[in-house]
There are 2 protein chains.
Amino acid sequence: MVNVAIMGHGVVGSGVAEILINYDKRISEKVKNDVNVKYILDLRDFPNLSYSEKFIKDFNIILEDESVKVVAEVMGGVNPAYDFVKSLLLAGKSVVTSNKELVAAKGAELIKIAEEKNVNFLFEASVGGGIPILRPLVQCLAANEITEISGILNGTTNYILNKMIVDNMDFDSALKLAQEKGYAEKNPAADIEGHDACRKICILAALAFGKHVYPEQVKTEGITNITLDDVAAADTFGYVIKLIANTQKLNNGKITASVRPTLVSRENIISGVNGVFNAVMVTGDQTGEVMFYGKGAGKEATASAVVADIMDCIKHLDSRKYLSWADGSEGYVETNRDEYGKLFVRLTCENFAELERKFGEIFGDTANFVKNQYRNEICFIAEPQYESELNKKLSQFENCESKTLHIL
Amino acid sequence: MVNVAIMGHGVVGSGVAEILINYDKRISEKVKNDVNVKYILDLRDFPNLSYSEKFIKDFNIILEDESVKVVAEVMGGVNPAYDFVKSLLLAGKSVVTSNKELVAAKGAELIKIAEEKNVNFLFEASVGGGIPILRPLVQCLAANEITEISGILNGTTNYILNKMIVDNMDFDSALKLAQEKGYAEKNPAADIEGHDACRKICILAALAFGKHVYPEQVKTEGITNITLDDVAAADTFGYVIKLIANTQKLNNGKITASVRPTLVSRENIISGVNGVFNAVMVTGDQTGEVMFYGKGAGKEATASAVVADIMDCIKHLDSRKYLSWADGSEGYVETNRDEYGKLFVRLTCENFAELERKFGEIFGDTANFVKNQYRNEICFIAEPQYESELNKKLSQFENCESKTLHIL
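Report follows, based on the coordinates. (Residues numbered from 1 in each chain as written. Chains lettered and ligands numbered in written order. Predicted model: local features only at pLDDT ≥ 70, side-chain atom pairs only at ≥ 80, totals over all residues. Heavy atoms only, no water.)

1. Overview of the relation of the copies chain A and chain B
Inference 1: For the pair chain A and chain B, the superposition axis carries a translation of 0.0 Å, the fit reaches an RMSD of 0.0 Å, and the rotation angle comes to 180°. In the structure described here, the two chain copies are related by an operation that fits a two-fold rotation axis. Of the C-alpha atoms belonging to chain A, the one lying closest to the rotation axis is found on Phe292(A), 2.4 Å away.
Inference 2: Comparing interface residues between copies, 100% of those in chain A also sit at the interface in chain B, which points to an isologous, same-surface contact. (Least-squares fit on C-alpha atoms with pLDDT ≥ 70 in both. Contact = heavy atoms within 4.5 Å.)

2. A closer look at the side chain of Glu339(B)
Residues and elements named next belong to chain B.
Inference 1: By secondary structure assignment, the location of Glu 339 is in the loop between α12 (299-315) and β13 (340-349).
Inference 2: Side chain to side chain, Glu 339 and Arg 260 meet in a polar contact 2.8 Å long.
Inference 3: In this structure Glu 339 touches Lys 219, Arg 260, Gln 385, Tyr 386, Glu 387 and His 406, once residues within four positions along its chain are discounted. (Helix = DSSP H or I, 4+ residues; strand = E, 2+ residues; numbered from the N terminus. Polar contact = N/O pair within 3.5 Å; in protein donor to acceptor, adjacent residues only side chain to side chain.)

3. Quick look at the interface of chain A and chain B
Inference 1: Counting residues at the interface gives 42 residues for chain A and 42 residues for chain B.
Inference 2: Where chain A abuts chain B, roughly 3800 Å² becomes buried across the two surfaces, and 57% of that area is made up of carbon and sulfur atoms.
Inference 3: Joining chain A to chain B, the criterion identifies four salt bridges.
Inference 4: Close ionic contact of Glu145(A) with Arg26(B) constitutes a salt bridge, the shortest N to O distance being 3.1 Å.
Inference 5: The tally of links from chain A across to chain B stands at 14 residue pairs in polar contact (both at pLDDT 80 or more).
Inference 6: Counting residues per element, the ones that place at least two in the side of chain A that touches chain B are α2 (24-31), α6 (134-138), β11 (277-284), β12 (288-295) and α12 (299-315) of chain A.
Inference 7: Split into classes, the residues belonging to the side of chain A that touches chain B amount to 22 nonpolar, eight polar and twelve charged. (Buried area = accessible area lost by both parts, 1.4 Å probe. Salt bridge = Lys/Arg side-chain N within 4 Å of Asp/Glu carboxyl O. Nonpolar A, V, L, I, M, F, W, Y, C, P; charged D, E, K, R; others polar.)

4. Side note on the state of the cysteines
Residue and element names in this part refer to chain A.
Inference 1: The tally for this structure, following the rule as stated, stands at two disulfides over all chains.
Inference 2: One disulfide bridge connects Cys 349 with Cys 400, the sulfur atoms lying 1.9 Å from each other. The S-S bond linking Cys 349 to Cys 400 shows a torsion near 110°; that makes this disulfide right-handed. You can see Cys 349 sitting in strand β13 (residues 340-349) and its partner Cys 400 sitting in strand β16 (residues 400-407), a full 51 residues away along the chain.
Inference 3: Under the relative-accessibility criterion, Cys 349 is labelled buried at 4%.
Inference 4: Residue Cys 202 stays outside any disulfide, its sulfur separated by 4.4 Å from that of Cys 198, the closest cysteine.
Inference 5: Judged by relative accessible area, Cys 202 falls into the buried class, the value being 2%. (Disulfide = S-S within 2.5 Å. Buried < 20%, exposed > 50% of the residue type's maximum accessible area, 1.4 Å probe, protein only.)

5. Side note on helix α13 (residues 352-363) of chain A
All names here are of chain A.
Inference 1: In a regular helix each residue adds 1.5 Å, so twelve residues correspond to 16 Å; α13 covers 15 Å between its end C-alpha atoms and thus fits that length.
Inference 2: Listing the buried residues of α13 in full gives Phe 352, Leu 355, Lys 358, Phe 359, Ile 362 and Phe 363. The buried residues of α13 all sit within an arc of 120° when viewed along its axis, so they share a single face. For α13, the exposed residues set more than 90 degrees away from the buried face come down to Ala 353 and Glu 361.
Inference 3: Residues of α13 that are buried in the fold lie against β13, β14 (369-372), β15 (377-386) and α14 (387-394).
Inference 4: A side-chain oxygen of the first residue of α13 lies 3.1 Å from the backbone nitrogen of Ala 353; this N-cap is Asn 351. (Expected span 1.5 Å × (residues − 1). Arc of directions from axis to C-beta.)

6. Notes on the packing of aromatic side chains
Residues and elements named next belong to chain A.
Inference 1: Tallied over the full model, the rule gives 29 aromatic pairs over all chains.
Inference 2: Ring centres of Phe 363 and Phe 380 lie 4.6 Å apart, and the angle between their planes is 45°; on these two criteria the pair is classed as tilted. With a gap of 17 residues between them, Phe 363 in helix α13 and Phe 380 in strand β15 connect regions that are remote in the sequence. A single burial state applies to Phe 363 and to Phe 380, both of which are buried.
Inference 3: A cation over a ring is seen here: Lys 106 above Tyr 82, with NZ or CZ 4.6 Å from the ring centre. (Phe/Tyr/Trp six-rings, centres within 6.5 Å; stacked < 30°, edge-to-face > 60°. Lys NZ or Arg CZ within 6 Å of the ring centre and 35° of its normal.)

7. Some words on unusual backbone geometry
Inference 1: Each neighbour pair has its own omega, and for Asn79(A) with Pro80(A) the value is 0°, a cis peptide bond.
Inference 2: Looking at where Pro80(A) falls in the secondary structure, it is placed in the loop between β4 (68-73) and α4 (81-90).
Inference 3: At Asn376(A), a position not held by glycine, the phi torsion is positive, near 55°.
Inference 4: Residue position: Asn376(A) is located in the loop between β14 and β15.
Inference 5: A relative accessible area of 24% means that Asn376(A) is categorised as partly exposed.
Inference 6: Despite not being glycine, Asn399(B) has its phi angle at roughly 55°, a positive value.
Inference 7: Here Asn399(B) shows up in the loop between α14 (387-395) and β16 (400-407).
Inference 8: According to the relative accessible area criterion, Asn399(B) is exposed, its value standing at 63%.

8. Regarding the environment of Asp309(A)
Residues and elements named next belong to chain A.
Inference 1: Mapped onto the secondary structure, Asp 309 falls in helix α12.
Inference 2: In this structure Asp 309 touches Val 96, Leu 122, Phe 123, Glu 124, Ala 125 and Arg 135, once residues within four positions along its chain are discounted.
Inference 3: Separated by 2.9 Å, the side chain of Asp 309 and the backbone nitrogen of Glu 124 make a polar contact.
Inference 4: Here the side chain of Asp 309 touches Arg 135 through a polar contact of 2.6 Å, side chain to side chain.

Encoded structure:
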């Protein structure tokens, strides 16, 4: 028999407890070992649950119980999760977590401790909820050099953008609806400002390229500035706007990562990822593009990924899974890159005649543009060039406002 | 150092050899062991290759060399691959294969031998080429009860259907183009008759539900009867036609599997899987729908999946991976199911007035239909009902032709 502890009994934690307790036979059969939830750590009381006797409030009970071999950390946040996980690993227990904030901030350090103690530290649920992505990335794509990862990593923002695109709903109304449906939190900042997606792309980048990428090294922009006019203008050119997290290996060997609203062609399968779904597109030098798609959040999906990690730990109590990366070295991440590529521009000026004249003068050879006199606006897809070049050109339009968006 | 042998130097085999030899450092680093290709078995001569000294023509050299621990079988076909693989497993060597025909026909038996000999028999490349799907199915979805798998498992037919849908090209021309591009073989029967997809859904069904499903237990229909008129009619209702392989667990505990041209709603992300790409949608009771997408064939993609399996064998020389199923029991697969659901019907009669009258009489309450007097035809989506019921109704239309297609 293997004893397991769960730290946290919130949305994900209660899901983990329910799966482990309700499906104990199915799980024990699959891991060829009896799995027993011995403790659930939570400061709150749950007297009416059938398994209420398992609740404890003191972390040290888990830490000091040598019969507990695997612990699920599903509390969220860096503190006190970090101290708890570190102590558990140092005590020789395997830990699984769904906590992307913790892994993005402290992954390299915790992995190192796990390696030293010959235990496992798994976190499949931290990216893409129930979508298997970290393990396939490491194992099945093992023979590949991964060159780029692009994804829709946050279901809340995808839901909001989708409502704007399909139902012509404005940002505020879509956010409100997402909150009513439980897809967005009361304080939605972590989602709509892009921080949640940022943490996830850090984890993917670290696994794919081998060194830790920290959230503050990722150019992160949320969706709060996206308007229905942007959505409509993008549509004119056959694009939808998605919050895309991206990381790639540059020719100079450095890594770069970003999270930002991005135009995705309707021809690209990622454009069809709707609602709260997530998708991760991995480009390998041998496999080409491979995509993983599914519900990125939700109690059952995330909990089932945590349970799968617990099961994997139980099957490998004496051996380590190859899921690791090193700490980031100085200059490893390129943070101020002048990107080269096509860009989407909306240019609005008080004087439309003057805008037309100037546009002809500066962007005369642009093939793809739409004039909208009613809005005093010209939208266009600028030919591939450095972002700095384009900005220089745009700065020549006086008394005008410009908005640029990258294109996937 | 670990010695590896490759049996077969065709498209996939040469890819495997090239990856193992050209990227030996990258691979040895990842598996923490030196990987050496000792033999390549092929009846042909390749005198101009840089690694021509590795070629042998006698299988027994591999079988009898105790230093060879892992063998890749990339010859294809059931014979002599079956005899070779069986002998190798019995001799205590791990085997990886991309040979779906072999796994679909003999998987249960070979897995059993591998278990008895405590070696690995891996076949990730047999389904979905370079897309990681078998391993995630087993490992990451471990905490799930899988209820259904639907997928586009054959790139050739998807390419042909796509050409018909997007470019209005007829079947014969699209097939010819696919052959010119190397996407279809000279003898395309295995692809266009659905046999290739059938073998793959057998493997997926076995892994997901635990018992072998044999190709002859799968209702298999290819795409040779699909016409541009079908494609256009489906489009009218917002659907595209895809060759969908499906397997599901029925309420009576039995398994059912099919391969057939199927209508897929444009709202479904699977409808966006174009060209030679494959996609597998797995429904789990906890995760909901999870999709894996990528190139299902091609030298590099398939070879890289074979190499990933080789690497996994090397990392687990002394332990077995949990990738197994039992032999199928009597009555395990339901082969003659009267399916309940919506169906798409094209009904063509000589006498259009009579067709209209009769349609009103029998399908009067059908909400979704399109009349086409020019073609003497009525197309409609029949309300959910048993297929046998629908066929009884359709048989009442005298001097008429009817064509029915299932809907995903």
